[in-house]
Each structure stands twice: as structure tokens, then as C-alpha cells.
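The residues making up each chain are set out below.
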Amino acid sequence: MSKESDRLFAQPLAQVPDFAFNEDVVRVFPDMIKRSVPGYPTIVENLGVLAAQFAQPNSVLYDLGSSLGAVTQALRRHVRTDGCRVIAVDNSAAMVERCREYLNGQDSMFQELLPVEVIEGDILALEFQPASVVALNFTLQFIAPDQRTALLARIRQSLLPGGALILSEKLRFNDPEEHALLTDLHVAFKRANGYSELEIAQKRSAIENVMKPDSLEEHRERLLAAGFSKVVPWFQCLNFASLIALP
Ligand SMILES: Nc1ncnc2c1ncn2[C@@H]1O[C@H](C[S@+](CC[C@H]([NH3+])C(=O)[O-])CC(=O)[O-])[C@@H](O)[C@H]1O
Ligand SMILES: O=C(O)C(=O)Cc1ccccc1
């Protein structure tokens, strides 16, 4: 993994552009996501452990919005089920290019990994194959809110019995006090990880137009509306959570 540290928002910007998953972000992404998302390493590793419980023989495991393939790598470390293959999808060309390099690196270090295909494309336009595990690890929050239910419904329809969707998201909270407390604690987490007040403020304004978090209640209702039968939160750290949704 790239060792470059995230200083993208360290200098004052005359105008903060909307956040985009471009070359600059790709270069610092592993550092950025670890220092910005409390619980990220725990979520990624355990996503592999969870996936191994839901993987069905001869099915696809999807990593949607795969970025540099951290989830795909965890799936390949943990899942041993016969005939499974991983499909990773991201619409950022810069992410996909680097993701393929990292996965080639994983292939050269380990034997008998699940086969993987990395697709550069929009998950909203994807034709889903019969799947046992679908991971949306901090991706749904970047999808236009009015497209979210339809996407989840298509994922639900592709899921095999015994499979699961694993959905990780930044949360907002309907209770204003709870929202303010967890937002402040998230800022403290970033500060403790070396981000300055300026970096925190500029990053916030860069993502506010492109990343739209929902509340846990909204996620639950939407998943049920999309046809899932059960929603089980399995992890929360501050304002970041991960849910298991069963078909
Ligand atoms: N419509 C779309 N189609 C395909 N990809 C998309 C779309 N919209 C956004 N993306 C992609 O979704 C990813 C979101 S990052 C996921 C982290 C990763 N899962 C991880 O576990 O390391 C989350 C974050 O940075 O907070 C980016 O790579 C986008 O290009
Ligand atoms: O940085 C933040 O405040 C976030 O909410 C998470 C994040 C992490 C990486 C890219 C975009 C958003």
C-alpha cells in the first residue's frame, strides 16, 4: 500500500472544490480513510470474517465502490468457499488502475486466492449476477439519495438464499444532541490522528455536496422497502456503522 500521508487540505484554499476520487486522492487514500473513519480497519477485516459465513458455493461476492480493493483483499483472505469469485466495481479510473496493481501484488504473495475481476463502471448501471455477498463499504453515501432504494432493490434481487448485504456508512442522527456529540467526537478522532482544524474544516466543505449520510432508521426502512427481511447492525464506532441486511 502507498505510504503517502494525506495533506490534501493542509493549505488554505481560495475555494474548496467538491471532493472527487481523483489521482491526488488515490495517492493518499489508505492514509486518509484510516485517519478519517473510526473503526475502518476493524470493519474491513471483519467484513471478510462475516463474508465467509454467508458465501455460497459457485456464487459472486461483490465489492461495490471498491476504491483500492481493501474489502476485496479481505474477502480473498477469508473466504474459501468452492467456486466463489470476487467482482470489484468502481467508477473512478484512478482507483481502478491502482486497485488492479494492489490485487496483482496480493496474487503474487498468496496461493489459492479467489479469482477477482475489477470493473471500471457505475454500480447504478451494473447487471448483477447471482451473489451471496454484496459489500457496500462506505459507498452508498456517495450515491444520489433518490437512486438508493432502486440500487438496494436490485442488489436484493441478485442475492441468493443464505447470502447477505453488508452496508457500512457514516451516520447522521435525528436527535440533535446525539448528532452534535458524535460529530464532535469524530472531529476529536481526526484531530488525534494529526489533522489540523483547517484540514478538518476544508475536508468537511469538500464532502458536504457529494456525501449525504442517512440515519440508522432511514437505512433500516429503506432496506426493508427494498425487500430485505432483516437488518442487523454489527458494528458502530462514533458516527460510523456497519449493518448486515438479510434477503
Ligand atoms: N456510482 C458509483 N459507481 C461505482 N463506484 C462509485 C460510485 N460512486 C462512488 N463510487 C466509488 O465509491 C468509493 C467510495 S470510498 C469506498 C471505500 C472502500 N469500499 C474501502 O472499503 O476501502 C468511501 C470513502 O472514501 O469514504 C470511491 O472509490 C468512489 O469512486
Ligand atoms: O472525512 C470525513 O469526514 C468522512 O466523513 C469520511 C471520508 C473518508 C474518506 C473520503 C471521504 C469521506
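Everything below is about the structure printed above this text.
Presented here is a report on the structure given in the accompanying data block. These numbers were taken from a predicted model, which means no experiment stands behind them.

## Topic: the overall build of the chain
Phase 1 of the analysis: In terms of regular secondary structure, the chain is built from eight helices and seven strands.
Phase 2 of the analysis: Over its C-alpha atoms the chain spans a radius of gyration of 18 Å, differing by no more than 12% from the 18 Å that the globule rule assigns to 247 residues.
Phase 3 of the analysis: Seen through its C-alpha atoms, the chain measures out along the principal axes to roughly 50 × 45 × 30 Å.
Phase 4 of the analysis: Looking at the chain residue by residue over its 247 residues, the buried ones come to 50%.

## As for the site of ligand 1
Phase 1 of the analysis: By nearness alone, 21 residues border ligand 1, and Tyr40, Ser67, Asp90, Asp122 and Asn137 come closest of all.
Phase 2 of the analysis: Between asparagine 91 and ligand 1, the recorded distance is 3.2 Å, taken from a backbone N or O atom to a nitrogen atom.
Phase 3 of the analysis: Asparagine 137 is positioned such that a nitrogen or oxygen atom in its side chain is 2.8 Å from an oxygen atom of ligand 1.
Phase 4 of the analysis: Against a free-state accessible area of 660 Å², the protein chains account for coverage of 93% of ligand 1.
Phase 5 of the analysis: Placement of ligand 1 is best described as lying within the largest pocket.

## A short note on the site of ligand 2
Phase 1 of the analysis: Taken together, the neighbourhood of ligand 2 is formed by Phe19, Met32, Ser36, Val37, Phe142, Lys170, His186, Lys190, Lys203, Ile207, Met211 and Phe240.
Phase 2 of the analysis: One of the side-chain N or O atoms of lysine 203 is found 2.7 Å from an oxygen atom in ligand 2.
Phase 3 of the analysis: Comparing atom positions with the cavity grids shows ligand 2 to sit within the largest pocket.
Phase 4 of the analysis: Breaking the shell around ligand 2 down by element, the ones donating at least two residues are α1 (23–36), α6 (176–192) and α7 (197–207).

Conventions adopted
- The written sequence of each chain sets the order in which its residues are numbered from 1.
- Following the order in which they are written, the chains are lettered starting with A and the ligands numbered starting with 1.
- Given that this is a predicted model, residues contribute local features only at a pLDDT of at least 70 and side-chain atom pairs are listed and counted only at 80 or more, while totals for whole chains, interfaces and linings are drawn from all residues.
- Side-chain metrics rest on all non-hydrogen atoms present in the structure, leaving aside hydrogens and water.
- Working definition: helices are DSSP H or I runs of at least four residues, strands are E runs of at least two. Numbering for both runs from the N terminus.
- When we talk radius of gyration, it's over C-alpha atoms, and the globule rule is simply 2.2 Å times the number of residues to the 0.38.
- The buried label goes to any residue with under 20% of its type's maximum accessible area, the exposed label to any with over 50%, and the partly exposed label to all in between, with areas taken from a 1.4 Å probe on protein chains only.
- Summary of the distance rule: residues count as near a molecule or strand when at least one heavy atom falls within 4 Å of that molecule or strand.
- We call two N or O atoms a polar contact when they sit within 3.5 Å, provided that within protein one can donate a hydrogen and the other can accept it, with sequence-adjacent residues counted only if both atoms are side-chain atoms.
- Here the Shrake-Rupley method, with its probe set to 1.4 Å, supplies the accessible areas, and only the displayed protein chains count as covering residues.
- The method works on a 1 Å grid over the protein atoms by themselves. A cavity is a set of points holding a 1.4 Å probe that cannot get out, a pocket is an open set with protein on both sides within 12 Å along at least five of seven lines, and residues with an atom within 4 Å of a point line them.
- The rule for placing a molecule in a cavity or pocket is simple: more than half of its atoms must lie within 2 Å of the grid points.

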